[in-house]
Amino acid sequence: MRSTGKLHLGNYVGALQNWVRMQDEYDCFFFIADWHALTTDYADTSRVKENSIEVLLDWLAAGLDPAKCVMFIQSHVPAHAELHLLLSMITPLGWLERVPTYKEQKENIKEKDLGTYGFLGYPVLQSADILIYKADVVPVGEDQVAHVELTREIARRFNLLYPKTVESEKLTPAQRAWCTAKYGQVLVNTVYVVEPVFPEPQSLLTPTPKLPGTDGRKMSKSYGNAIMLTDPEPVVRQKLKTMVTDPARIRRSDPGNPDLCPVGDLHKIFSSAETMAKVNEGCRSAGIGCIECKGWAADGLVKILNPMQARRQKYADNPRLAWDILEAGSARARDVAGATMNEVRDAMNISLEYEPPKGPAQ
Ligand code: SF4
């Protein structure tokens with residue numbers, strides 16, 4: 001997740017809620033992508049650190065637990081940059097120019113100059129972010145599937161260009177098992193191409209319910225229509241009061257349709273089945289007013305937000321605690337990333353050690 005500061009309900013419903021579930025099922029690595037934030041916001045870096053902490057506080061508030069997953073800051077694991085550089089050597093330009101979000105964002109974000117090398121190359125950085133942990137799956141929304149596909153292509157190209165070979169006597173037990181499965185048997189005095197450095201990661205598509213902002217458009221901080229995870233109850237209620245409704249309900253006596261109303265969308269996500277039934281009945285029969293209905297939607301929201309905000313407060317009162325979580329996570333990530341980089345350098349014949357040339361000393 002990019003370090004863009006405090007998160008809103010759209011971020012929660014679109015990703016975070018799913019991550020909280022995933023931490024119980026997978027060995028998860030979640031990072032605050034401060035380098036990725038620079039691909040579009042390079043001109044003003046004054047709030048990068050502050051924004052990273054805000055993201056972390058919202059993660060902890062939502063229920064990510066440092067005992068169950070690894071949370072870290074991208075820039076605290078410099079190996080991401082090294083792998084990005086190495087992968088950039090083998091990634092054809094055409095692959096990057098074809099990424100759908102590249103064209104789309106260049107056309108939509110007019111106020112910033114995105115004609116930069118970093119912006120074109122950010123999917124390569126993403127690939128490095130994924131491959132460095134040898135991820136099997138990446139939880140993404142529909143719009144990111146193309147990026148995971150690109151990551152697979154880059155992994156395939158790397159594995160093809162730099163096959164890992166090991167003499168049979170030096171195979172690790174895991175490599176021996178892999179070779180036996182692949183080649184049928186392992187002979188003595190033979191060199192084997194062993195399991196490639198990078199597995200090909202799969203997209204784990206997260207079904208994301210439609211979550212409109214207060215003006216009915218997609219919730220986004222840049223549209224000014226977002227309900228933040230940190231909004232206190234009176235602010236949530238006030239924002240809901242101004243939320244657009246089914247345009248067919250001009251007068252109180254006009255029947256409406258919750259399926260055509262942004263408030264109805266909120267109810268579907270946050271309200272109980274019982275409230276939803278009251279909304280459906282009351283809206284369609286003009287038995288309830290929109291003000292009353294919005295009040296129920298606000299009840300559903302604050303029921304979720306209040307405990308989150310209480311959890312957040314604990315860390316906001318003691319930011320050192322939050323920072324320590326990031327530091328411990330970053331150290332763990334550096335270990336895993338470092339081990340992968342050793343394999344990558346080996347496969348590419350790039351050594352960090354000084355190896356004197358073979359032959360007689362002069
Ligand atoms: S009653 Fe509720 S669902 Fe129906 S139009 Fe009003 S706010 Fe929307």
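Remember, predicted model here, so these are calculated numbers, not experimental data. Here the residue index of a chain counts from 1 through its sequence in written order. Local features in this predicted model are restricted to residues whose pLDDT is 70 or higher, and side-chain atom pairs enter the listing and the counts only when it is 80 or higher, whereas totals over whole chains, interfaces and linings include all residues. Calculated side-chain values reflect all of the structure's heavy atoms, with hydrogen atoms and water omitted.

**A word on empty space enclosed by the protein**
Moving on, step 1. Here a cavity denotes a set of grid points, spaced 1 Å apart and computed over the protein atoms alone, in which a 1.4 Å probe fits but from which it cannot get out, and a pocket denotes an open set meeting protein on both sides within 12 Å along at least five of seven lines; residues with an atom within 4 Å of a point are reported as lining. Grid points are joined across faces, edges and corners, and a volume is the space filled by probe spheres set on the points. For the structure on display, the rule yields one cavity of 30 Å³ or more.
Moving on, step 2. The calculated volume of the largest cavity comes to roughly 110 Å³.
Moving on, step 3. Only DSSP runs of H or I reaching four residues or more are called helices, and only runs of E reaching two or more are called strands; each is numbered from the N terminus. Elements supplying a minimum of two residues to the lining of the largest cavity: α12 (262–270), α13 (273–284) and α14 (290–316).
Moving on, step 4. Considering every element that reaches the lining of the largest cavity, the biggest residue donor is α14, with three residues.
Moving on, step 5. Taken together, the residues that form the lining of the largest cavity break down as eight nonpolar, three polar and three charged. Polarity classes work like this: nonpolar for Ala, Val, Leu, Ile, Met, Phe, Trp, Tyr, Cys and Pro, charged for Asp, Glu, Lys and Arg, and polar for all others, with Gly in that last group.

**Things to note about the confidence of the model for the protein chain**
Moving on, step 1. A residue's pLDDT is simply how confident the predictor is in it, with values from 0 to 100. Across the protein chain, pLDDT averages 92, with 99% of residues at or above 70.
Moving on, step 2. Taken element by element, the protein chain is modelled with least confidence in helix α6 (residues 100–108), mean pLDDT 78, and with most confidence in helix α4 (residues 79–90), mean pLDDT 98.

**Quick word on a negative patch on the surface**
Moving on, step 1. Taken together, the side chains of Glu104, Glu107, Glu142 and Asp143 make up a negatively charged region of the molecular surface.
Moving on, step 2. Looking at the secondary structure, you find glutamate 104 in helix α6. For patch building, the residue pool is restricted to those with more than 30% relative accessible area and no salt bridge; the joining distance is 9 Å between like charges and 5 Å between nonpolar side chains (Val, Leu, Ile, Met, Phe, Trp, Tyr). Note on areas: Shrake-Rupley with a 1.4 Å probe; residue coverage comes only from the protein chains shown. Here, a salt bridge means any side-chain nitrogen of Lys or Arg that lies within 4 Å of a carboxyl oxygen of Asp or Glu. Two residue types count as positive, namely Lys and Arg, and two as negative, namely Asp and Glu; His and chain ends fall outside the count. By convention, the point assigned to a charge is CZ for Arg, NZ for Lys, CD for Glu and CG for Asp.

**Some remarks on the site of the ligand**
Moving on, step 1. In the vicinity of the ligand, the residues found are Thr245, Asp246, Arg249, Pro258, Cys261, Val263, Cys283, Cys290 and Cys293.
Moving on, step 2. Spatially, the ligand is embedded in the largest cavity. Put simply, a residue is near a molecule or strand once any heavy atom of it comes within 4 Å of that molecule or strand. To be counted as sitting in a cavity or pocket, a molecule needs more than half of its atoms within 2 Å of that site's grid points.

**Considerations on the packing of aromatic side chains**
Moving on, step 1. Pairing of aromatic rings covers Phe, Tyr and the six-membered ring of Trp, with a centre-to-centre limit of 6.5 Å; geometry is then stacked below 30 degrees between planes, edge-to-face above 60, and tilted otherwise. Counted according to the given criterion, the structure contains eleven aromatic pairs.
Moving on, step 2. Relative to tyrosine 133, the ring of phenylalanine 29 has its centre 4.8 Å away and its plane inclined at 25°; by these criteria the two rings are stacked. Here the residue phenylalanine 29 occupies a position in strand β1 (residues 29–32), and tyrosine 133 occupies one in the loop between α8 (122–131) and β3 (137–140), the gap between them amounting to 104 residues.
Moving on, step 3. We call a residue buried when its accessible area falls under 20% of the maximum for its residue type, exposed when it is over 50%, and partly exposed in between, using a 1.4 Å probe and counting protein chains only. Taking the relative accessible area as the measure of exposure, phenylalanine 29 reaches 21% and is therefore partly exposed.
Moving on, step 4. Taken together, the ring pairs connect Phe29, Phe31, Phe72 and Tyr133 into an aromatic cluster.
Moving on, step 5. Over the aromatic face of tryptophan 95 sits the side chain of arginine 157, whose NZ or CZ is 5.7 Å from the ring centroid.
Moving on, step 6. By definition, being over a ring means that NZ of Lys or CZ of Arg is both within 6 Å of the ring centre and within 35 degrees of the ring normal. When the ring centre of tryptophan 296 is taken as origin, the NZ or CZ atom of lysine 278, which lies over that ring, is 4.3 Å away.

**Some words on the side chain of asparagine 51**
Moving on, step 1. Looking at the element boundaries, asparagine 51 is found in helix α3 (residues 48–62).
Moving on, step 2. A relative accessible area of 12% means that asparagine 51 is categorised as buried.
Moving on, step 3. By definition in these notes, contact holds between two residues if any of their heavy atoms fall within 4.5 Å. Not counting residues within four places of it along the chain, the set of residues in contact with asparagine 51 comprises Ser3, Thr4 and Gly5.

**Considering α4**
Moving on, step 1. Taking 1.5 Å as the rise per residue, α4 with twelve residues should run 16 Å; its terminal C-alpha atoms sit 17 Å apart, in good agreement.
Moving on, step 2. When we look at burial in α4, the residues that qualify are Ala79, His80, Leu83, Leu86, Leu87 and Ile90. Within α4, the buried residues cover an arc of 130° as seen down the axis, which keeps them to one side.
Moving on, step 3. On the buried face of α4, the contacting elements are α2 (34–41), β2 (70–73), α8, α9 (145–161) and α15 (319–347). To estimate how far a helix should extend, the number of its residues minus one is multiplied by 1.5 Å. By arc we mean the arc of the directions from the helix axis to the C-beta atoms, nothing more.

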